[in-house]
Amino acid sequence: PVWDSDPEPGETVTLTVLPGQYAIGPMNAATVSIADAVIIPGPNATVASGDWNAISTWSQGRPPVAGDDVTVNHNLDLTNTTPVYARLTVSAGKTLTAWGTNVQLRATDVVVNGVMTHPENWAGSTNGAGQWVMDHRCWITCADLTVATGGWINVDGKGFQGATNYDGAGFGPGGGVAYTGGGHGGRGGNYGASSGGITYDAITNPTLPGSGGGAYQ
């Protein structure tokens, strides 16, 4: 079987024999059905770092499918929503990085012995509706999440970026002015008479990243 990364229903193709240096019988075309191979879920571990979707990344010679027991033994970039795995384990000392805001890691059980993270949010301005839009987040959907001792879902410093110019303000809804901290679930740190970034979002169930601090933060 050839892995084409796209499980789909059976396909129908028509084979036509064109005139050439051979004899053609009374029927020169036939329609045949090609069924997808039946893939039995099982253990599937990484054998190389890089792209989640590359067949060379995985011990089974294919990306994980629904029901697999997935083990991430290398640093990987996840760029698409996964099927629902039986179990996914990020091994100690390894990092799984989620790119984008609609990338959902799905499994019955998720065990993080290493690190799960995302890149920094790089929005430098609001959209046409005046809203700050994030670029990345960690989105895990599971029945049982275990973050082991030494494991980490680490999004420290991954919010909206801090000031990029002298005496400038940080980015995000609560960006801090010069010398002050960025706000989020609480106001950012003050500096003298200058107040830190405003409070927005929620402490217990945040939906947006934190804002960046002002210059010199």
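Up top is the structure these notes are about.
A brief structural summary. These figures come from a predicted structure and were not determined experimentally.

## Re the sheet that holds strand β10 (residues 115–117)
And then number 1: Here 5 strands make up an open sheet; going across it, the order is β4-β6-β8-β10-β12 and the pairing parallel. In the strand order of this sheet, the two ends are held by β4 (50–51) and β12 (152–153), each with one partner.

## So, the side chain of T117
And then number 1: Assignment of secondary structure puts T117 in strand β10.
And then number 2: If near-sequence neighbours (up to four positions away) are discounted, T117 is found in contact with T95, L96, T97, A98, C138, N154 and K158.

## Section: unusual backbone geometry
And then number 1: With phi around 75 degrees, Y179 is a residue other than glycine that occupies positive phi space.
And then number 2: Locating Y179 in the fold gives a position in the segment after β12.
And then number 3: According to the relative accessible area criterion, Y179 is partly exposed, its value standing at 33%.
And then number 4: Backbone geometry at D201 places phi at a positive 65 degrees, although glycine is not the residue there.
And then number 5: Checked against the element boundaries, D201 lands in the segment after β12.
And then number 6: Assessed through its relative accessible area of 31%, D201 is described here as partly exposed.

## Notes on the layout of surface pockets
And then number 1: As a volume, the largest pocket reaches approximately 440 Å³.
And then number 2: Residue lining of the largest pocket: 18 residues in total, with H118, V155, P206, L208 and P209 positioned closest to the centre.
And then number 3: Per-class residue counts for the lining of the largest pocket are 7 nonpolar, 8 polar and 3 charged.

## Examining the sheet that holds strand β11 (residues 140–147)
And then number 1: With parallel pairing, 5 strands are arranged side by side in an open sheet as β3-β5-β7-β9-β11. For this open sheet the edge positions go to β3 (43–45) and β11, each flanked by a neighbour on one side alone. Taking each pair of neighbouring strands and ignoring which way they run, the sheet shows an average axis angle of 20 degrees.
And then number 2: Strand direction decides the pairing type here: strand β7 (residues 85–90) and strand β9 (residues 105–112), joined by 5 bridges, are parallel. Across the sheet, V90 pairs through a bridge with V112, a residue of β9.

## Regarding the pattern of salt bridges
And then number 1: Tallied over the full model, the rule gives 1 salt bridge.
And then number 2: Among the ionic pairs, R62 bridges to D68, the shortest N-O distance being 2.8 Å. Summarising the burial analysis for this pair, R62 and D68 share the class buried.

Reading the values: rules and limits
Throughout, residues of each chain are indexed from 1 in the direction in which the sequence is written. Totals for whole chains, interfaces and linings use all residues, but because this is a predicted model, local features are given only for residues with pLDDT of at least 70 and pairs of side-chain atoms are given and counted only at 80 or more. In computing side-chain values, all of the structure's heavy atoms are included and hydrogens and water are not. Here the rule is simple: two strands pair whenever DSSP picks up at least two bridges between them. Secondary structure follows DSSP: runs of H or I at least 4 residues long count as helices, runs of E at least 2 residues long count as strands, and numbering of each begins at the N terminus. Whether two residues are in contact is decided by their heavy atoms: any pair within 4.5 Å suffices. A 1.4 Å probe rolled over the protein chains alone gives each residue an accessible area, and that area as a share of the maximum for its type sets the label: buried under 20%, exposed over 50%, partly exposed in between. In this analysis, the protein atoms alone were mapped onto a 1 Å grid. Cavities are point sets where a 1.4 Å probe fits without being able to get out; pockets are open sets with protein on both sides within 12 Å along at least five of seven lines; lining residues have an atom within 4 Å of a point. Grid points are joined across faces, edges and corners, and a volume is the space filled by probe spheres set on the points. Classification convention: Asp, Glu, Lys, Arg as charged; Ala, Val, Leu, Ile, Met, Phe, Trp, Tyr, Cys, Pro as nonpolar; all other residues, Gly among them, as polar. To define axes, lines are fitted to C-alpha atoms, for helices over the stretch in contact only, and angles between the resulting N-to-C directions are given on a 0 to 180 degree scale. Salt bridge criterion: a side-chain nitrogen from Lys or Arg within 4 Å of a carboxyl oxygen from Asp or Glu.

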